Amino acid sequence: MDLDKYENFDSNPACETYGKLSENIEKYHHFTILEGETTIGALDIGGNDDRMHIDNVCVSPLNQNKGAGTGRRTFASLTRP
């Protein structure tokens, strides 16, 4: 697991508190990645009217390398007002 390899305990989403997760959901456009009705990951997108960026992508270790990020699944489109 990357957490064991890089030991980035302060910045790794795997160590995120529920408070920090809640804060990120409020701060960013948050998308939950589902496989059926099971949550397998999340995606946070931030930015402003000039540019957008992916802030965080995480996929459950049991679901990594199975195509979650390759377009096999359908994600909601992010639109600006």
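In what follows, the structure referred to is the one given above.
This write-up is about the structure you can find in this document. (Residues numbered from 1 in each chain as written. Predicted model: local features only at pLDDT ≥ 70, side-chain atom pairs only at ≥ 80, totals over all residues. Heavy atoms only, no water.)

## Brief notes about a nonpolar patch on the surface
Using the following cut-off: Residues enter patches when their relative accessible area tops 30% and they take part in no salt bridge; the joining distance is 9 Å for like charges and 5 Å for the nonpolar side chains Val, Leu, Ile, Met, Phe, Trp and Tyr. Here the accessible surface of atoms and residues is derived via Shrake-Rupley with a 1.4 Å probe, and residues count as covered only by protein chains that are part of the display. Only one rule defines a salt bridge in this text: a Lys or Arg side-chain nitrogen within 4 Å of an Asp or Glu carboxyl oxygen. Numbering goes from the N terminus for both helices and strands, where a helix is a DSSP run of H or I of at least four residues and a strand is a run of E of at least two.
A cluster of nonpolar side chains, contributed by Tyr18, Leu21 and Ile25, occupies part of the molecular surface with about 340 Å² of accessible area. One can find Ile25 in helix H2 (residues 18-27).

## Focus on the pattern of salt bridges
Definition in use: Only protein chains enter the accessibility calculation, which uses a 1.4 Å probe; a residue whose area is less than 20% of its type maximum is buried, one above 50% is exposed, and one in between is partly exposed.
Within the structure shown, the criterion is met by one salt bridge. When the shortest N-O distance is used, the salt bridge between Lys20 and Glu23 registers 3.5 Å. With Lys20 and Glu23 both in helix H2 and three residues apart, the pair spans about one turn of that helix. The class of Lys20 is partly exposed, set by a relative accessible area of 34%.

## Description of the sheet that holds strand E3 (residues 52-59)
Either a parallel or an antiparallel arrangement is found when strands of a sheet pair, and the pairing is made through backbone hydrogen bonds. We apply this condition: Note on pairing: two strands pair once DSSP finds at least 2 bridges between them. Every axis corresponds to a line fitted to the C-alpha atoms, with the helix fit spanning only the stretch in contact, and the corresponding angles, defined between N-to-C directions, vary from 0 to 180 degrees.
Spatially, the three strands line up as an open sheet ordered E1-E2-E3, and their pairing is antiparallel. In this open sheet, the two edge strands, each paired with only one partner strand, are strand E1 (29-35) and E3. Sheet twist, expressed as the mean angle between neighbouring strand axes with direction ignored, is 20°. One ladder, built from seven bridges, connects strand E2 (residues 38-47) with E3; its direction is antiparallel. Counted as the bridge partner of Ala42 is Cys58 from E3.

Function cannot be inferred from these measures alone, as they are strictly geometric.
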